[in-house]
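As a plain string of letters, each chain reads:
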Amino acid sequence: MTPLRDRAADLVMGARMAFTGGRDGWLRAVLTAVGVGVGVAMLLLAAAVPGALDARQARGDARDDLRMGEPIPAAANTLLIRQTDTEFRGQPVRGRVLRPEGPAAPAPPGVAALPRAGEVLVSPALRDLLSSADGALFAPRLGGATVTGVIGAEGLAGPGELAYYLGSDTLTADDATRLAAFGGGLPGEGLGPVLMMLVVVIFVVLLLPIAVFLGAAVRFGGERRDRRLAALRLVGADAAMVRRIAAGEAAAGALLGVAAGGVLFALGRQVVPLVTLMDLSVYAADVRPPLPLVAAVVLAVPALAVVVTLVSMRAVLVEPLGVTRRATPVRRRLVWRLLLPAAGLGLLLAGAAGVAPLGSEQQTAAGAVLLLVGVVTLLPWLTDLLVRRLRGGPVAWQLAVRRLQLDSAASARLVNGVAVAVAGTIGLQMLFAGVAGRFTFDTGQDTSRAQVQVQFPARPDAAVALDRLAAASGVTASIATLTTLVTADGTHGMLRIGDCAALAEFGRLDRCADGDVFLVHDPEDRSADIRPGGTVTVGDGVRWRVPRAAREVPVRTNPSGYRQGGVLVTPGAVDTARLGPLHAEAYLRLAADRPDAVEHVRNAAAGADPLASVLTLTETRQANQFVNVQRGLYVGAVVTLLLIGASMLVGVLEQLRERRRLLAMLVAVGTRRSTLGWSVLWQSAVPVVVGLALAVVFGLGLGAVLLRMVQAPVAVAWPALGISTGLGAAVVLLVTGLSLPVLWRLTRPDGIRTE
Amino acid sequence: MNAPLLVAEDLHRSFGPTRALAGASLRVHPGEVLALMGSSGSGKSTLLHCLAGIARPDSGRVLYAGRDLATLSDAERSALRREEFGFVFQFGQLVPELTCLENVALPLRLARVGRREAERRAAEWLARLEVAEVAGKRPGEVSGGQGQRVAVARALVTRPRVVFADEPTGALDSLNGERVMRLLTAAARDTGAAVVLVTHEARVAAYSDREVVVRDGRTRDLEVAA
Amino acid sequence: MASRVQTVEQAIYRYTHRVYVMCIVAGMSIGQTFLGLLEATPRHGYDIKRLYDERFGHARPLAYGQVYATLSRLLRGGLVEVDAVEPGEGPERKRYAITEAGVTDVAQWLTRAEKPEPYLQSTLYTKVVLALLTGRPAADVLDVQRAEHLRMMRDLTRRKRDGDLAEQLVCDHALFHLEADLRWLELTAARLDELAATVRS
Ligand SMILES: Nc1ncnc2c1ncn2[C@@H]1O[C@H](COP(=O)(O)OP(=O)(O)O)[C@@H](O)[C@H]1O
Ligand SMILES: [Mg+2]
């Protein structure tokens, strides 16, 4: 038994070796540190996400102003508040108009003193927007109020949030909510089971390739290390000592990587507030991974490095006279390779059947991890199986295939990460496509007729407001009407007043002149039973006789996608002043080349009436965040793949450098460089094809099981399949392409030196 | 004497401060076995690489069959090496993944000969070099002497006009070394190939028809001097 | 079978016999060595002997008889002449100088390869040192010798290739000896600068 102190000495010696050894040694240490560091930073970031979201949620709860329950009477400690949310260039803006009703009126979080009429408090992001060149495009919505302060961080969801509190002395209880305190509303809606599963799977899919990547990163420079260890054996180190030295070296490199990861994470945290992703921005202070998870990462990564190193050393014999790969490759046994993914599948299926002894989230995560790990375990086996039978073909192909036959694991290892990432992405996107279908619906809106709908509350000077809209910059046409409700015998319809052109959007008018009145019926709807010459109640009780000349015309679907029965009236046929306050509604067409036109419309609407509602029309409305999340996932997958690509590149270069003499010799005897290039390409392409095939199978399997778990119909998301495999293949091509210049350099024929 | 096949004129080549060649001149005639002798580091390999179009001299010319190698493109020089030259190095020249037979067939396949035909001819050459029995083995599984004979077979399989051999016996014991030299020179004589043989061993050089001494990057080719 | 064994024995006998004879005949080059020593400056007979013993004698000094026999042979051949006679008695009083013919003779000797026979070191060594002493290119001496050795080795190699096993063994024996000489030559060539420094000191 070796004394403990000697063993420790071996470890320390190994650790020293991680950082000595000239330029090559440093390069290896730096590569490992960067590779591991990137992985560690990603892990820490992922660990911090739930906390960050919680913090954000907590702040959202604290400023909640949706009071449910009985109305309360005005008092010294109440205030009136109205939502005036808007959008600016696609970014949501949280707007509130406040009117304190007494000296003790509550202030929302982040606000020290309530704004008085004509004053506004803005979030820092909105303040920056206002003081920028674009500010003029938003300012009109604040009704000319002066900015007197900034909303504090505790009152905002994130640093990038656009928000304002506008003071008012005209807000009435009719248009507003009365509050005695902020917050304490309903607890924030948690993620539903479907969303929860999405989150879990997202984590698995994005993090598992990182783990695989870490496994590859801790092996950077393995070949040279083996040779160095052989030299140590020559001077008398025994096999166990060599293993300890290797372990020490791996752990030291990984620890350096963990440190680098910590630094990267700290730097990344500072960058976080600058980014707004999917309308989400996060304070640096919120990005705080829980301590147990940090400890787990810090301990697990070096442990992983040591384990991976020791496992990889089983395949080589480090002997005093050099390193030999075990001559007869380990027979790859299929059973245990199938065991892991089968177990994963079992866990997921059991979850789908409602059996979840571990708790459904943990079980889903474990199942997905095991299933995806199956790609890693099966890849070398399948590559072997395929390659064993291959022979013949052109020289480049022969060189590649023979190399794979000898050591498929080395090449397979390089593409593991890609395969796992692709498989995960396919499964996830499939789940997404299936789930997103539920949240996507046809709005029926017709954007060829109008792009924006503006509605004003009932007001006496409605026509003036409509004119202001039509005059807004970028508006090319306005379908402006005044509306109110008509009641006839307890049935309701819409009374709409507008010129002939406007009315034609709501009914199929045969001919029309000022003074005409039309009755429209929606045959599928039980609309008001209004007859020419009949009397109806308009608005709050004004009696109006429908002219005898009124003609019945078929209803036309309006640009919002609705069909409304009722009466269409030209201005000459009615005295609008007699009908009481009327709502104003306008469908606007915007100049296609003026993307800011909608902002001008919003300004005009807010200028005419702060309570106006502006709605942009879209053909389909997908529960909006889904589009963003889906896109974000692709971004995540690309980033992961690029990371893996970087590690792949290092691996490929390492393998090339190891063979530089042979390559130079092949060029010296007249081998075309293109032949060598192709052989390098084939050598990674074969495992990639196998890997991608596995990825497709496992991805589809994962997607199908996940869809079953959320009880969605199982459908193959072909675009996701294509995009994911395409991305994987592209990364491999990119890596091969990037390695070619090095190949050219290594194969300069004068590189053969017999020494 | 007939026209030289390969002529080097006043070659110079430096690696940083090291002057590997400092005025080397040389002629190789068709079918002759020429030994390049000199102590280690004298510039023999560098000269061989320049002669074979593997490296470019800093100055001076190499003419093969009257053509200046410097005027050929990289692809043309590759083709030349593939089709007109053969190479034997000290060690590590066989592709470890390929079987010995495939290694010998490799130059033919690079010259676009079909696989079946290439392997048939390769098998003949293996037999001729008395290593038919290793055809199906990988280079890692054969002895050094067998490996070198496989390498000689590979160098000759395309029936090149010049075989460049850089210390072909350097890693062998004398018995195996002699055997390789005997087979190499016999096969070269049969096919009419010239051999440029780099060696520092006199017993190996004794298989040549003529020797050229390289010292400090300079040649003493008595024939060129004359 | 018996006859073949006999052939081998005969061959080895022939070889060793020749080697033995060679050692005696090696004295042939003493004359040229004297000429070389005289080339720089005329010297007395005694001087010549002392110099020779110092540089080439290897603990086996020349007998006076041999010195004067050689000198008188050179005188007869017109390769040296008596430059001056000091007053006194005895041949050691004579100062010898080299003639034109003598210089030519040394030059020819130096540029001529020795027949590649075993135990040539002393002759070759003498040649190299003399070349250095007389300012001639010593590397040439070695190159010329190497060429000669190789020519012989080539013959042996050819004979070996065509001969039977016995012939091969004999040839190999000779080849190994020749190779040893050549190795020594290479080593000497590599150390010429070092040697030049000691010789001229
Ligand atoms: N690629 C190279 N880079 C640097 N120096 C080199 C290179 N190739 C050769 N040399 C140097 O040039 C000199 C001649 O080398 P080489 O031709 O290999 O000699 P030889 O083959 O006779 O032993 C040596 O000093 C060697 O170190
Ligand atoms: Mg060399």
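To be clear, the structure that these remarks concern was listed above.
Residues numbered from 1 in each chain as written. Chains lettered and ligands numbered in written order. Predicted model: local features only at pLDDT ≥ 70, side-chain atom pairs only at ≥ 80, totals over all residues. Heavy atoms only, no water.

## What about the overall build of chain C?
Working step 1: Within chain C one finds nine helices and three strands.
Working step 2: Going residue by residue from the N terminus, the α and β elements of chain C occur as α-α-β-α-α-β-β-α-α-α-α-α.
Working step 3: Across the 201 residues that make up chain C, the buried fraction comes to 42%.
Working step 4: Contacts in chain C between residues at least 24 apart in sequence constitute 61% of all its contacts with a sequence separation of at least 6.
Working step 5: Element-wise, carbon and sulfur atoms account for 55% of the exposed surface of chain C, whose accessible area totals about 11,000 Å². (Helix = DSSP H or I, 4+ residues; strand = E, 2+ residues; numbered from the N terminus. Buried < 20%, exposed > 50% of the residue type's maximum accessible area, 1.4 Å probe, protein only. Contact = heavy atoms within 4.5 Å. Areas by Shrake-Rupley, 256 points an atom, 1.4 Å probe, with all protein chains shown as cover.)

## Let's talk about the overall build of chain A
Working step 1: Within chain A one finds 19 helices and 21 strands.
Working step 2: Contacts in chain A between residues at least 24 apart in sequence constitute 81% of all its contacts with a sequence separation of at least 6.
Working step 3: Just so you have it, chain A exposes about 34,400 Å², and 62% of that area is on carbon and sulfur atoms.

## Comments concerning the environment of Val 196 of chain B
Residues and elements named next belong to chain B.
Working step 1: With respect to the helices, strands and loops of the structure, Val 196 is situated in strand S8 (residues 194-199).
Working step 2: For the pair Val 196 and Leu 34, spaced 162 residues apart in sequence, the C-alpha to C-alpha distance is 5.0 Å.
Working step 3: Not counting chain neighbours up to four residues away, the residues in contact with Val 196 comprise Val 28, Leu 34, Leu 36, Leu 48, Leu 51, Val 162, Val 163, Phe 164 and Ala 165.

## Here we look at the interface of chain B and chain C
Working step 1: Across the contact, 17 residues belong to chain B and 16 residues belong to chain C.
Working step 2: Summed over the three residues of chain B that lose the most area to chain C, namely Arg 203, Ala 206 and Arg 215 of chain B, the buried surface amounts to 33% of that side.
Working step 3: For the pair chain B and chain C, the number of links is three salt bridges.
Working step 4: Where Arg 203 of chain B meets Glu 179 of chain C, a salt bridge forms, and the shortest distance between an N and an O atom there is 2.8 Å.
Working step 5: On the surface where chain B and chain C come into contact, there are four residue pairs in polar contact (both at pLDDT 80 or more).
Working step 6: Those elements that place two or more of their residues in the side of chain B that touches chain C are helix H6 (174-191), helix H7 (202-205) and strand S9 (210-215) of chain B. (Buried area = accessible area lost by both parts, 1.4 Å probe. Salt bridge = Lys/Arg side-chain N within 4 Å of Asp/Glu carboxyl O. Polar contact = N/O pair within 3.5 Å; in protein donor to acceptor, adjacent residues only side chain to side chain.)

## Description of the site of ligand 1
All names here are of chain B.
Working step 1: In the region of ligand 1, 12 residues are neighbours, and Gly 41, Gly 43, Lys 44, Ser 45 and Thr 46 sit closest.
Working step 2: Separating an oxygen atom of ligand 1 from a backbone N or O atom of Gly 41 is a distance of 2.7 Å.
Working step 3: Between ligand 1 and Ser 45 there is a distance of 2.6 Å, counted from an oxygen atom to a side-chain nitrogen or oxygen.
Working step 4: Across the complex, the protein chains shield 71% of the 550 Å² of accessible surface that ligand 1 would expose by itself.
Working step 5: Counting residues per element, the ones that place at least two in the shell around ligand 1 are strand S2 (18-28) and helix H1 (44-51).
Working step 6: With three residues, H1 is the largest single contributor of residues to the shell around ligand 1. (Near = heavy atom within 4 Å.)

## As for the interface of chain A and chain B
Working step 1: With 26 residues of chain A at the contact, the number on the chain B side is 29 residues.
Working step 2: Summing both partners gives a buried area of about 2,600 Å² for chain A against chain B, and 55% of it is carried by carbon and sulfur.
Working step 3: Scanning the region where chain A abuts chain B turns up one salt bridge.
Working step 4: In this structure, the salt-bridge partner of Glu 102 of chain B is Arg 402 of chain A, at a minimum N-O distance of 2.1 Å.
Working step 5: With seven residues, helix H11 (residues 395-406) of chain A is the largest single contributor of residues to the side of chain A that touches chain B.

## Topic: the sheet that holds strand S1 (residues 43-44) of chain C
Residue and element names in this part refer to chain C.
Working step 1: Here we have three strands laid out as an open sheet, ordered S1-S3-S2, and antiparallel in their pairing. Where the open sheet ends on each side, the last strands, each with one partner, are S1 and strand S2 (80-85).
Working step 2: Docked against the sheet, helix H2 (residues 30-40) engages S1, S2 and strand S3 (94-98), running at close to 90° with respect to S3.
Working step 3: Each of S2 and S3 is contacted by helix H4 (residues 64-76), which is oriented at about 110° to S2, the strand it contacts most. (Pairing = 2+ DSSP bridges. Axes fitted to C-alpha atoms, helices over the stretch in contact; angles between N-to-C directions.)

## Concerning the pattern of salt bridges
Working step 1: Counted by the stated rule, this structure contains 39 salt bridges over all chains.
Working step 2: Here Glu 117 of chain B makes a salt bridge to Arg 121 of chain B, at a shortest N to O gap of 3.1 Å. Of the two residues, Glu 117 of chain B and Arg 121 of chain B are both situated in helix H4 (residues 115-128); the distance of four residues between them amounts to about one turn of the helix.
Working step 3: Taken together, the shared-partner salt bridges in this structure form one network comprising Glu 178, Glu 201 and Arg 203 of chain B together with Lys 160, Asp 172, Glu 179 and Arg 183 of chain C.

## Comments concerning a nonpolar patch on the surface
All names here are of chain A.
Working step 1: On the surface, Val 638, Leu 642, Leu 734 and Leu 738 cluster together to form a nonpolar patch covering roughly 330 Å² of accessible area.
Working step 2: Broken down by secondary-structure element, the contributors of at least two residues to the nonpolar patch are helix H16 (624-658) and helix H19 (718-746).
Working step 3: Its place among the elements puts Leu 738 in helix H19.
Working step 4: Leu 738 gets classed as partly exposed once you look at its relative accessible area, which sits at 48%. (Patch = residues over 30% accessible without salt bridge, like charges linked within 9 Å, V, L, I, M, F, W, Y side chains within 5 Å.)

## With respect to the nonpolar core
Working step 1: If you look at the biggest cluster of nonpolar residues, it comprises 112 residues, and the most contacted ones within it are Leu 47, Leu 51 and Phe 164 of chain B.
Working step 2: Taken domain by domain, this core gets at least three of its residues from each of domain 1 (1-63 + 192-328) and domain 3 (336-441 + 622-755) of chain A.
Working step 3: Setting aside its immediate chain neighbours within four residues, Phe 164 of chain B contacts Leu 6, Leu 48, Leu 51, Ala 52, Phe 85, Gly 86, Phe 87, Val 88 and Val 196 of chain B.
Working step 4: The next biggest cluster of nonpolar side chains, apart from the first, holds 48 residues, and it includes Leu 37, Ala 131, Ala 138 and Ala 196 of chain C. (Core = buried A, V, L, I, M, F, W, Y, C linked by side-chain atoms within 4.5 Å. Domains from an automatic or database assignment.)

## A short note on helix H3 (residues 100-110) of chain B
Working step 1: Burial within H3 of chain B is extensive, with 11 of its 11 residues counted as buried.
Working step 2: On its buried face, H3 of chain B sits against H11, helix H17 (660-668) and helix H18 (673-709) of chain A together with helix H2 (74-83), H4 and helix H5 (144-156) of chain B.
Working step 3: Directly after H3 of chain B, the chain includes Arg 112 of chain B, whose backbone phi takes a positive value near 70°.

## Points about the environment of Leu 37 of chain C
Residues and elements named next belong to chain C.
Working step 1: Inspection of the secondary structure assignment puts Leu 37 in helix H2.
Working step 2: On the accessibility criterion, Leu 37 (4% relative accessible area) is buried.
Working step 3: Put simply, Leu 37 and Ile 48 are 11 residues apart on the chain and 7.0 Å apart in space, counted from C-alpha to C-alpha.
Working step 4: In this structure, Leu 37 is in contact with Arg 43, Ile 48, Leu 51, Tyr 52, Phe 56, Leu 130 and Leu 133, ignoring residues within four places of it in sequence.

## Topic: the side chain of Gln 148 of chain B
All names here are of chain B.
Working step 1: Tracing the sequence through the fold places Gln 148 in helix H5.
Working step 2: Among the polar contacts listed, one links the side chain of Gln 148 to the backbone oxygen of Gln 90, at a separation of 3.3 Å.
Working step 3: Excluding its chain neighbours within four sequence positions, the residues that come into contact with Gln 148 are Val 88, Phe 89, Gln 90, Phe 91, Gln 93, Pro 168, Leu 172 and Val 180.

## Digging into the sheet that holds strand S5 (residues 67-68) of chain B
All names here are of chain B.
Working step 1: In space, the four strands of this open sheet follow the order S2-S1-S4-S5, with antiparallel pairing throughout. With one partner strand each, in any of the chains shown, S2 and S5 form the two edges of the open sheet.
Working step 2: Bridge analysis of strand S4 (residues 59-64) against S5 gives two bridges, and the strand direction is antiparallel. Counted as the bridge partner of Leu 63 is Asp 68 from S5.

## Concerning the packing of helix H13 (residues 462-470) of chain A against helix H15 (residues 597-608) of chain A
All names here are of chain A.
Working step 1: Here H13 crosses H15 at 160°, and the two axes come no closer than 9 Å. Classed by the angle they form, the pair H13 and H15 counts as roughly antiparallel. As H13 runs across H15, the sense of the crossing is right-handed. Seen from H13, the contacting residues are Ala 465, Arg 468 and Leu 469; seen from H15, they are Val 601, Ala 604, Ala 605, Gly 607 and Ala 608. (Parallel < 35°, antiparallel > 145°, perpendicular 65-115°, else oblique. Left-handed = near helix turned anticlockwise from the far one by under 90°.)

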